[in-house]
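# Examining the three-dimensional arrangement
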Amino acid sequence: MTTRLPLFHAVSIAAVLIATTLTPPTSTHAAAPVAASKKAVSMTQTTYHYATVNGRKVFYREAGDPSLPTIILLHGFPTSSFMFRDLIPQLAGKFHVIAPDYIGFGQSDAPSATEFDYSFDNLTTHVTGLIDQLGLKSYVLYMQDYGGPVGFRIFTQRPDAVKGFVIQNTNAYMEGVGDPPKLVFLPLWAHRDAKSEEGARSFLQAGTTQFQYTVGAKNPDAISPDNWTHDQALLDRPGTDAYQLNLLENYKTNVALYDSWHAAFRQHSPKTLILWGKHDPFFIEAGATAFLRDLPKAKLVWLDAGHFVLDENAATVAAEIKAEFATK
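Residues numbered from 1 in each chain as written. Predicted model: local features only at pLDDT ≥ 70, side-chain atom pairs only at ≥ 80, totals over all residues. Heavy atoms only, no water.

## Description of the overall build of the chain
Within the chain, the secondary structure is distributed over 13 helices and eight strands. Contacts in the chain between residues far apart in sequence, at least 24 positions, make up 74% of those at least 6 positions apart. With the model as given, the accessible surface of the chain reaches about 15,300 Å², and the carbon-plus-sulfur share is 57%. (Helix = DSSP H or I, 4+ residues; strand = E, 2+ residues; numbered from the N terminus. Contact = heavy atoms within 4.5 Å. Areas by Shrake-Rupley, 256 points an atom, 1.4 Å probe, with all protein chains shown as cover.)

## Notes on the pattern of salt bridges
Inspection of every chain in the model, using the stated rule, returns ten salt bridges. When the shortest N-O distance is used, the salt bridge between Arg 158 and Asp 132 registers 2.9 Å. Pair noted here: Arg 158 is in the loop between helix H5 (147-157) and strand E6 (162-168) and Asp 132 is in helix H4 (residues 120-134), with a separation of 26 residues, a long-range link. With relative accessibility at 23%, the residue Arg 158 sits in the partly exposed group. In this structure, a network of salt bridges that share partners links the residues Arg 192, Glu 197, Arg 201, Asp 241, Glu 249 and Lys 252. (Salt bridge = Lys/Arg side-chain N within 4 Å of Asp/Glu carboxyl O. Buried < 20%, exposed > 50% of the residue type's maximum accessible area, 1.4 Å probe, protein only.)

## So, the pairing of strand E2 (residues 56-63)
With six of its eight residues buried, E2 lies for the most part within the structure. Both strand E1 (residues 47-53) and E2 contribute to a ladder of seven bridges, which runs antiparallel. Paired with Thr 47 across the strands is Glu 62, a residue of E2. Where E1 folds back onto E2 in an antiparallel hairpin, the turn is made up of two residues, including Asn 54, whose phi is positive at roughly 50 degrees. Note that E2 and strand E4 (residues 96-100) share four bridges and pair antiparallel. Residue pairing across strands places Glu 62 opposite Ile 98, the latter belonging to E4. (Pairing = 2+ DSSP bridges.)

## Points about empty space enclosed by the protein
Applying the stated criterion across every chain yields a total of five cavities of 30 Å³ or more. Volume-wise, the largest cavity comes out at about 190 Å³. Lining the largest cavity are 14 residues; nearest its centre among them are Asp 145, Pro 181, Phe 185, Phe 203 and Phe 283. Sort the elements by how many residues they give to the lining of the largest cavity and helix H6 (residues 179-190) lands first, with three residues. Residues of the lining of the largest cavity, tallied by class, amount to eleven nonpolar, two polar and one charged. In terms of lining residues, the second largest cavity is bounded by Met 83, Arg 85, Asp 86, Tyr 213, Asn 227, Phe 308, Val 309, Leu 310 and Asp 311. (1 Å grid on protein atoms, 1.4 Å probe; cavity = no way out; pocket = protein on both sides within 12 Å on 5 of 7 lines; lining within 4 Å. Points joined across faces, edges and corners; volume = space filled by probe spheres on them. Nonpolar A, V, L, I, M, F, W, Y, C, P; charged D, E, K, R; others polar.)

## A few points about the sheet that holds strand E5 (residues 139-144)
Read from one edge of the open sheet, eight strands run E1-E2-E4-E3-E5-E6-E7-E8, paired in mixed fashion. Two strands bound the open sheet, and with one partner strand each, they are E1 and strand E8 (299-303). When the angles between neighbouring strand axes are averaged without regard to direction, this sheet yields 20 degrees. Relative to strand E7 (residues 272-277), E6 runs parallel, the two being bridged by three bridges. Bridge assignment links Ile 167 to a residue of E7, and that residue is Ile 274. Running at roughly 110 degrees to E1, H4 makes contact with E1, E2, strand E3 (70-74), E4 and E5 of the sheet. (Axes fitted to C-alpha atoms, helices over the stretch in contact; angles between N-to-C directions.)

## Comments concerning unusual backbone geometry
A cis amide bond links Phe 77 with the next residue in sequence, Pro 78, at an omega value of 0 degrees. Looking at the element boundaries, Pro 78 is found in the loop between E3 and helix H3 (87-91). We note that Asp 145 has phi near 55 degrees; this positive angle belongs to a residue other than glycine. One can find Asp 145 in the loop between E5 and H5. One non-glycine residue, Asn 169, adopts positive backbone phi at about 50 degrees. Mapped onto the fold, Asn 169 is located in the loop between E6 and H6. Judged by its relative accessible area of 0%, Asn 169 is buried.

## Some remarks on the layout of surface pockets
Of the volumes computed, that of the largest pocket is approximately 170 Å³. If you trace the largest pocket, you find it lined by Ser 269, Pro 270, Lys 271, Thr 272, Asp 294, Leu 295, Pro 296, Lys 297, Ala 298, Lys 299 and Glu 324.

## Considering the nonpolar core
Core analysis: the biggest nonpolar cluster contains 60 residues, and Phe 265 and Phe 291 have the highest contact counts within it. The dominant element in this core, judged by the number of residues it contributes, is H4, at five residues. For Phe 291, the residues in contact, after removing those within four places along its chain, are Phe 152, Ile 167, Thr 170, Asn 171, Ala 172, Tyr 173, Phe 265, Ile 274 and Trp 276. Residues Val 140, Leu 273, Val 309 and Ile 321 belong to the second largest nonpolar core, which totals 32 residues. (Core = buried A, V, L, I, M, F, W, Y, C linked by side-chain atoms within 4.5 Å.)

As structure tokens, then:
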């Protein structure tokens, strides 16, 4: 007499046999790529943080393994760490990346001009305060526009901590200042009044903000309007014009420090990569080549771009930085 199994028992046994036949044996080697992939994703992901420095909230973006060399990305005017949003993931596999917003910019606190002394010395103090809180002992500085005055102050204060420069359309030589900013800022620096402020205010207008991003671009249609829309929304906050004018006037203190910066360049000879948008009307080509007088070993790369370069050139910039500064 043939014994017949109940149907659900037969189905269960068949399922076990199929699973045993088709499922490969468990292997720690097979699981490793998945774990490595998850780790790689987490290390390149950008995270967003605040630190309190001298009673003010300083916002910063972070990515990469802290055991890797650190690169600090210092933004320009009138933007913020937002300008580095596409570059950060491309650097994070090889660097620990920190990108702060200065006080008054981006997501950091923006006290009024009567509550805070808006000067490049004070912006720098808050960046170095963040560096100290994060326990960063050595780093490469990427500097664009306002990032230069902040970064070169950090360098002269802590030359042993700065392991290199990435200089992108930022100035340390008067011959690098183009005619448009000279016409606006020299009168403001000579004597600040309603008339000299009038020209400086043009740098706070929406048309100028958009122009800074599109001028010199290889393909203006490739430049995201998110750039100037984001920046202008912050510039248009009540009271922002007052402190931005203070900073534009205070820029003359940077010019006064140029000679001391040059001496520090010669004394310490930091490894330097210059990435320069060659169609920039604000910081012109002469400003790039001038660095070679005091940093003769610097590598100079011309980009087919203007004042801001990252929308069209983030991959090129990342590759150049990794080639110069990443550990092998």
